[in-house]
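Given next are the chains, with one letter for each unit.
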Amino acid sequence: MRYAKKCIVTGAAGFIGSALARLLLKETDAQVLAIDKLTYAGVPESLKEAGLDPATLESSNPRLQFIKADICDLERMDAAFASFKPDAVFHLAAESHVDRSIDGPGEFVRTNVSGTASLLQAALGYWRSIPGAAERASFRFQHVSTDEVYGSLGAEGLFTEKTPYSPHSPYSATKAASDHLVRAWHDTYGLPVLVTNCSNNYGPYHFPEKLIPLAIINALEGKPLPVYGTGANVRDWLYVEDHARALLLVNEKGVPGETYNIGGRNERTNLEVVGAVCATLDEMKPRAGGAKYRDLVEFVADRPGHDLRYAIDPSKIRDELGWRPREDFGSGMRKTVRWYLDNEWWWRPIREKRYSGRRLGAAAPIRAETPDPRR
Ligand code: NAD
Ligand code: TYD
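What comes next concerns the included structure. The structure presented is a predicted model; accordingly, all values stated were derived computationally and were not measured.

Calculation rules
Residues numbered from 1 in each chain as written. Chains lettered and ligands numbered in written order. Predicted model: local features only at pLDDT ≥ 70, side-chain atom pairs only at ≥ 80, totals over all residues. Heavy atoms only, no water. Salt bridge = Lys/Arg side-chain N within 4 Å of Asp/Glu carboxyl O. Helix = DSSP H or I, 4+ residues; strand = E, 2+ residues; numbered from the N terminus. Buried < 20%, exposed > 50% of the residue type's maximum accessible area, 1.4 Å probe, protein only. Near = heavy atom within 4 Å. Polar contact = N/O pair within 3.5 Å; in protein donor to acceptor, adjacent residues only side chain to side chain. Areas by Shrake-Rupley, 256 points an atom, 1.4 Å probe, with all protein chains shown as cover. Core = buried A, V, L, I, M, F, W, Y, C linked by side-chain atoms within 4.5 Å. Nonpolar A, V, L, I, M, F, W, Y, C, P; charged D, E, K, R; others polar.

A word on the pattern of salt bridges. In total, this model carries 19 salt bridges according to the counting rule given. Glu107 is the salt-bridge partner of Arg110, the closest N and O atoms lying 3.2 Å from each other. Remark: Glu107 and Arg110 occur in helix H4 (residues 106–129); sequence separation between them is three residues, near one turn of the helix. For Arg110, a relative accessible area of 29% puts it in the partly exposed group. The partner of Arg318 in a salt bridge is Asp319, with the nearest N and O atoms 3.0 Å apart. Look at the salt bridges and you will find they share partners, linking Glu221, Lys223, Glu344, Arg348 and Arg351 into a network.

Near ligand 2 lie 16 residues; those nearest to it are Glu148, Pro226, Asn270, Arg303 and His306. Between Glu148 and ligand 2, the recorded distance is 2.6 Å, taken from a side-chain N or O atom to an oxygen atom. Note that an oxygen atom of ligand 2 is positioned 2.9 Å from one of the backbone N or O atoms of Tyr228. Burial of ligand 2 by the protein chains amounts to 96% of its free accessible area of 510 Å². Within the residue set of the shell around ligand 2, elements represented by two or more residues are helix H3 (98–103), helix H7 (211–220) and strand E8 (225–228). If one sorts the elements of the shell around ligand 2 by residue count, E8 sits on top with three residues.

This part is about the nonpolar core. Core analysis: the biggest nonpolar cluster contains 41 residues, and Leu24 and Phe90 have the highest contact counts within it. Here the element with the most residues in this core is helix H1 (residues 15–27); it accounts for eight residues. Membership of the second largest hydrophobic core comes to 33 residues, among which are Val43, Tyr205, Leu214 and Val277.

Close contacts around ligand 1 come from 28 residues, with Ile16, Asp36, Ser96, Tyr171 and Lys175 the closest. Within the backbone of Gly14, one N or O atom sits 3.0 Å away from an oxygen atom of ligand 1. At 3.0 Å, a backbone N or O of Phe15 approaches an oxygen atom of ligand 1. Elements represented by at least two residues in the shell around ligand 1 include exactly H1, strand E5 (140–146), helix H6 (170–189) and strand E7 (200–202). At three residues, the largest contribution of residues to the shell around ligand 1 is made by E5. Partitioning the shell around ligand 1 into residue classes produces 13 nonpolar, eleven polar and four charged.

Here it is as structure tokens:
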């Protein structure tokens, strides 16, 4: 593909950001400046195949640079824009786990809301300094968001770009706030922004706090597979590389100021998802003595405020930009399970040193880091 922009990718050591960076480096001529704070969720090993040395953060790929920085740090963001001179920004840095947002919303407000505002400020300052009108017009600030901003569906209906916002969790509320900020920078200052709202992603390099990788790894270790409530909640699953390709397409062809919903029409209940993980593992790595992985399923207390159903109507990105996902849930699940079986080097240290799989977000008291609204 002839795509040779200079791209800042924030959150590039995360699940989707690293998939996007790998895609840009493998299938385009883009230059990538990866910016990531390396929180608990930032895994530089996810960029190893793209040429990054996870120990030194030096890159052997001349088209990849990595900066360890916080998007809330306006001075560092200003400096990064001034020296790299991007044509496009893909903004993916965020606190992303709903259960952690229940336990400690403060960091979500800081990074997702204040951090997005800082990044927008840095982008605006840089954009205004671009000398040529054509270069200014082709600049893009692309904000990567979630379908969770739309709230919860009942049994019927789909989220469109016109669905009113109705977030319920601290995570989705902060993502909604960040979406509004991005649109405000377009409407007020004319910054050429694009917003995408995507459904649940799954695939390689997914941090094992999220349902699918947690279930795969727990199953491999013979541990319980925790299903919240009755397992009847529905999510609409998209293979992460399909999301990354959609982001690239929107960057090339999307109309500034517009929003594009991204989803592959793969609705599954959580119980079906865990069942699919188990069935795939039964085939690829059968348990001893004829036992089935499904026997490890354990129903646990529900998530507080648990949204019932998410489902995306992807007509706009399909009809206006020609996007189609390559994977369906069956093919994506097989690739994902295979990847975890083949890449223990990636997840084993995370499991041992960063997150062992304990239950999060079960309505424990929120931590003191939460901003005190009286101050
Ligand atoms: P992730 O948690 O795997 O990665 C987030 C990355 O951001 C990490 O590498 C982390 O170190 C970095 N980060 C966090 N705070 C930072 C800060 N203050 N400064 C710089 N870097 C920081 O998340 P993900 O699943 O890859 O999600 C990426 C984006 O896509 C998020 O904005 C998320 O809201 C959105 N999204 C995710 C999904 C999904 O299913 N995972 C679906 C739709 C949209
Ligand atoms: P998750 O992967 O955390 O994504 P999100 O909350 O952003 O949709 O969870 C996906 C679904 O799986 C959600 O309905 C909560 C549920 N879930 C479980 O049933 N058990 C688990 O251990 C986890 C982490 C999630």
